[in-house]
Amino acid sequence: MENTRLNEFSKLSSDLAARAVKEFGSPIYIYDESLILKRCQECLDMPHAYGLTVRYAMKANPNRTLLKIITGAGLHLDASSLNEVLRAHMAGVPYEKIMLTTQEAYEGEDMALLEKLLLDGLKYNVCSLRQLYLIGDFACKNYIEPGIRIHPGVGSGESATRNTGDDYSCFGIHLSDLDEALKYAWGKWIKFKHVHVHIGSGADSEMWRQNIDLELGIIEKHFKETDSVCFGGGLKEARMPSEQSADIEHLGSYAKKQINAFYKKHKRKLKMEIEPGTYIAANSGYAVTMVIDKKCTARANFIVTDGGMELNSRPLLYGSKHPVYIVAADGSCVKSSEFGDIPGDYSAVVAGKCCESGDCQTLDMDGHATPRKMAEPDIGDIAIIGGTGAYCSSMAPFNYNSHTQAPEVLLTKNGDLRLIRKRQTLEQVLENEI
């Protein structure tokens, strides 16, 4: 048996990938439970001063089995909608372990539901003046203490569309509206004991450190009763060998130092929260596809696979890079991996089956199809896209061209392959049409 490991950080091997395709069909997602648990523990071990809560950003991947694994490891959840809250609770997560931070503004039945869930223990960050006004009377009457998300006016992300803190994003209450929010809250006897700032996904580590200082400065100036501070998520996980993951130990040590300094100055012990999504799940996931065709133009080779943008839209949305693995059809070897030496001089664009020019897994930041070096595959070989555990199955346009949603498979810590989402049928795609 030749080399079957895809990389050094995952248990997925070429023979396991081939076995999964034979058992569950292609395309599929596979998630490595061992790596998820490792990332959870790394976050829980992050240095802190007076306590730490790690909330998994469930929008990254809300599969019920993954939620159970992650919360079973000791993490709480960050939800972005009422439906995510309900979905998490259906997976067995108590409301008191869920924080709702959302763009939604609730009225009518939705507001009645939110109020019920708040009484059942759900935590809630207000993210706009309107959200604050809508919940104000209820919070006052029932002694509910919502958190508040601040829009700092500065941010960072791997692309402009993943920057959630600058003045061209609309997440949280902007500093220019903060006095009005505090005046209203004071009139309703609402205390903001939790303050939240999130600057973006894949944020630069230096910007993450600056956000710690910025947020503590905001608390020092405006929030005299706050005892909990969330520095958001956006902790970078390196999907490509050329990238650098966030240094959890270093960032935690810096936060601990600054929170300790805050305590010495104000005699207030702030508990720290973070809300990683990508860092927990991204590199645990693989989109496993089959090579169904090969083409060429005057400028590029193309390999066509049976899964593309409907599995992973991040290259199309962000110009994101994901590693490509070419595996022999029988699983006997990894023909090429971007985490190792690639023989020969063959290169190709990895294209999907959708009728869309942007259906490529190898796009640059400007949306141009870009050949990547790899072993030349045979028809029937397996092409695996790595780094697809976060923000892939959860936000892929999987019914485009009437394709069906791919199944999801868990590679358990014991080495077994377990189906955790069935393949969608065409009947299920159509069932709500009238």
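Reference entry: report on the structure contained in this document. (Residues numbered from 1 in each chain as written. Predicted model: local features only at pLDDT ≥ 70, side-chain atom pairs only at ≥ 80, totals over all residues. Heavy atoms only, no water.)

## Quick word on the pairing of strand S6 (residues 147-151)
The element S6 is extensively covered by neighbouring structure, given that 5 of its 5 residues are classed as buried. Of the two faces of S6, the one carrying Gly147, Arg149 and His151 and the one carrying Ile148 and Ile150 are both buried. Of the strand pairs in this sheet, strand S5 (residues 123-126) and S6 are connected by 2 bridges, and their pairing is parallel. Its bridge partner lying in S6, Asn125 is registered against Gly147. Strand direction decides the pairing type here: S6 and strand S8 (residues 194-196), joined by 2 bridges, are parallel. Counterpart to Arg149 in the pairing with S8 is His196. (Buried < 20%, exposed > 50% of the residue type's maximum accessible area, 1.4 Å probe, protein only. Helix = DSSP H or I, 4+ residues; strand = E, 2+ residues; numbered from the N terminus. Pairing = 2+ DSSP bridges.)

## Notes on a positive patch on the surface
Taken together, the side chains of Arg64, Lys68, Arg87 and Arg418 make up a positively charged region of the molecular surface. Within the secondary structure, Arg64 sits in helix H3 (residues 64-72). (Patch = residues over 30% accessible without salt bridge, like charges linked within 9 Å, V, L, I, M, F, W, Y side chains within 5 Å. Areas by Shrake-Rupley, 256 points an atom, 1.4 Å probe, with all protein chains shown as cover. Salt bridge = Lys/Arg side-chain N within 4 Å of Asp/Glu carboxyl O. Lys, Arg positive; Asp, Glu negative; His and termini not counted. Charge placed at Lys NZ, Arg CZ, Asp CG, Glu CD.)

## Considerations on the environment of Lys269
Summarising the element assignment, Lys269 is placed in the loop between helix H9 (248-266) and strand S10 (271-274). Sequence-wise, Lys269 and Ala49 are 220 residues apart; in three dimensions their C-alpha atoms are separated by 8.1 Å. Non-local contacts of Lys269, meaning those with residues more than four positions away in its chain, are made with Tyr50, Asp227 and Tyr263. (Contact = heavy atoms within 4.5 Å.)

## So, the packing of helix H5 (residues 108-119) against helix H6 (residues 129-142)
At their nearest, the axes of H5 and H6 sit 11 Å apart, and the two run at 30 degrees to each other. With respect to each other, H5 and H6 are oriented roughly parallel. You can see that H5 and H6 cross each other, and the crossing is right-handed. On H6, the residues that touch Met111, Leu114, Glu115, Leu118 and Leu119 of H5 are Leu134, Ile135, Phe138 and Asn142. When the residues that make up the contact of H5 with H6 are grouped by side-chain class, the tally is 7 nonpolar, 1 polar and 1 charged. (Axes fitted to C-alpha atoms, helices over the stretch in contact; angles between N-to-C directions. Parallel < 35°, antiparallel > 145°, perpendicular 65-115°, else oblique. Left-handed = near helix turned anticlockwise from the far one by under 90°. Nonpolar A, V, L, I, M, F, W, Y, C, P; charged D, E, K, R; others polar.)

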